[in-house]
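Here is what each chain is made of, one letter per residue.
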Amino acid sequence: MRALVTGGAGFIGSHIADALIALGHQVTIIDNLSTGRLENIPQGAEFFELDIGSPEVEDVFERGQFDLVFHHAAQIDVRVSVRDPLADLRTNIAGSVALLEWCRRYGVGRFVFASTGGAIYGEQEAFPAAEDHPTRPVSPYGVTKLAVERYMYVYHLEYGLNATALRYANVYGPRQNPFGEAGVVAIFCRKMLDGEQAYINGDGTQTRDYVYVDDVVRANALALNMEGFHILNIGTGRETDVLTIFDALNRQSGADLPRKHRPEPPGEQQRSSIDPGRALEVLGWRSEVELERGMKLTLEYFRRH
Ligand SMILES: NC(=O)c1ccc[n+]([C@@H]2O[C@H](COP(=O)([O-])OP(=O)(O)OC[C@H]3O[C@@H](n4cnc5c(N)ncnc54)[C@H](O)[C@@H]3O)[C@@H](O)[C@H]2O)c1
């Protein structure tokens, strides 16, 4: 198959590009390198340094004759989305709708989208949240992900696009940016390996559902042949608090840091976990990498880099 991966120089997108190439597919990547890195782009992938919203993207579609698009390019920082909702909207909504339009015009049959299972539900009423849990995002970032899912539904209804939104839990693993605001596993790994103090936001009892990047890649590979319109949670259904992550990485890295806390940023979600039952039913997917092992693999990666 000929696949376009947007955001393929980034953390998750580059792992997907690697896997697609290993499966024998032809891969083209569009990325503006705003957070992505050239060295993440696999050998054998065709690369265009472009913004997804730029008019040149049409030429890439015209020449590429893609069978499917894995859309991972996004402004991913919740706090940036609060500070500058218009810029966030331009990339995350307008950029995504532009891609849907090019899919329609150039006959691309499938679209797989990196949505979110964290920000889209807002503060949850039920744990873990299933896909039919109310969606009440409390950040512009979450609103953009929900909006794109709704656009995908319209393109499915109106133009027959096979569209799958994968609502990721908190993805972690090799290549995640350890200097960002989010991605606590990567941030703690780097600090602990560099002998710096890692700080726990608030009391550290806030929970997330952590899913290892290889599991996320497998979900994308399974979504490759999906027909129809689907929204699927890609998580473990388990909640883990920040204290547990801190203690495990502290032990595994040998850093032996004291627990130190700092004020929690305003608007931080307290608890999050998502029910992966539908993904098992529809895709035959379930997470396989246990958190302890995933953290060990991530730590090993950061030790080597
Ligand atoms: N990491 C997570 O826990 C998580 C959870 C839920 C959803 N997601 C989604 O998964 C996708 C990938 O996230 P990631 O964690 O790999 O982040 P990332 O920042 O590593 O990847 C995003 C990539 O998109 C590129 N990009 C950003 N804006 C662009 C634009 N306008 N045009 C072209 N390229 C652009 C960046 O350079 C980067 O390479 C995003 O859509 C994100 O919202 C991630």
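Definitions and limits used
Residues numbered from 1 in each chain as written. Predicted model: local features only at pLDDT ≥ 70, side-chain atom pairs only at ≥ 80, totals over all residues. Heavy atoms only, no water. Helix = DSSP H or I, 4+ residues; strand = E, 2+ residues; numbered from the N terminus. Polar contact = N/O pair within 3.5 Å; in protein donor to acceptor, adjacent residues only side chain to side chain. Contact = heavy atoms within 4.5 Å. Near = heavy atom within 4 Å. Areas by Shrake-Rupley, 256 points an atom, 1.4 Å probe, with all protein chains shown as cover. Nonpolar A, V, L, I, M, F, W, Y, C, P; charged D, E, K, R; others polar. Phe/Tyr/Trp six-rings, centres within 6.5 Å; stacked < 30°, edge-to-face > 60°. Buried < 20%, exposed > 50% of the residue type's maximum accessible area, 1.4 Å probe, protein only. Lys NZ or Arg CZ within 6 Å of the ring centre and 35° of its normal. Domains from an automatic or database assignment. Buried area = accessible area lost by both parts, 1.4 Å probe. Salt bridge = Lys/Arg side-chain N within 4 Å of Asp/Glu carboxyl O.

### Quick word on the side chain of T207
At step 1: Residue placement: T207 occurs in strand β9 (residues 207–208).
At step 2: Side-chain polar atoms of T207 contact the side chain of E239, separated by 2.6 Å.
At step 3: Beyond its immediate sequence surroundings of up to four residues, T207 is in contact with E239, T240, D241, Q270, R271 and S272.

### Looking at the site of the ligand
At step 1: Taken together, 28 residues lie around the ligand, and F11, I12, D31, T35 and Y141 are the ones closest in.
At step 2: Between a nitrogen atom of the ligand and a main-chain N or O atom of I52, the distance comes to 2.9 Å.
At step 3: Protein coverage of the free-state accessible area of the ligand, which is 820 Å², stands at 93%.
At step 4: Elements that contribute at least two residues to the shell around the ligand include exactly α1 (11–22), β5 (110–116), α5 (140–159) and β7 (170–172).
At step 5: The leading source of residues in the shell around the ligand is β5, at 3 residues.
At step 6: For the shell around the ligand, a count of residues per class yields 14 nonpolar, 11 polar and 3 charged.

### As for the packing of aromatic side chains
How two aromatic rings sit relative to each other is given by the distance of their centres and the angle of their planes.
At step 1: Under the counting rule described, the total for this entry stands at 7 aromatic pairs.
At step 2: With 5.1 Å between their ring centres and 80° between their planes, Y301 and F302 make a pair best called edge-to-face.
At step 3: A residue is classified by how much of its surface remains accessible, and Y301, at 10% relative accessible area, is buried.
At step 4: Taking the relative accessible area as the measure of exposure, F302 reaches 11% and is therefore buried.
At step 5: Here the aromatic residues Y172, Y210 and Y212 are joined through ring pairs into a cluster of three or more.
At step 6: Here the guanidinium or amino end of R104 rests over the ring plane of Y159, the centre of that ring lying 5.1 Å away.

### Quick notes on the environment of R218
At step 1: Checked against the element boundaries, R218 lands in helix α7 (residues 213–223).
At step 2: Through-space distance from the C-alpha of R218 to that of H15 is 10.0 Å; in sequence the pair is 203 residues apart.
At step 3: Every residue in contact with R218, bar those within four places of it in the chain, is listed here: W285, R286, S287 and E288.
At step 4: There is a polar contact of 2.8 Å between the side chain of R218 and the side chain of D215.

### A closer look at the domain arrangement of the protein chain
At step 1: As far as domains go, the protein chain holds domain 1 (2–171 + 210–237) and domain 2 (174–207 + 239–273 + 290–304).
At step 2: Just the C-alpha atoms count here: the centres of domain 1 and domain 2 sit 25 Å apart.
At step 3: The interface of domain 1 with domain 2 comprises 22 residues on the first partner and 21 residues on the second.
At step 4: Both sides of the domain 1 and domain 2 interface together cover about 1,900 Å² of buried area, and 48% of this is carbon and sulfur.
At step 5: When the area that domain 1 buries against domain 2 is broken down by residue, the three leading residues are R79, Y210 and Y212, summing to 36%.
At step 6: At the junction of domain 1 with domain 2, the criterion picks out 2 salt bridges.
At step 7: Of the charged contacts in the structure, one is a salt bridge between R79 and E268, with a shortest N-O distance of 3.7 Å.
At step 8: Inspection of the region where domain 1 meets domain 2 yields 9 residue pairs in polar contact (both at pLDDT 80 or more).
At step 9: The element contributing the most residues to the side of domain 1 that touches domain 2 is α1, with 4 residues.
At step 10: Split into classes, the residues belonging to the side of domain 1 that touches domain 2 amount to 9 nonpolar, 8 polar and 5 charged.

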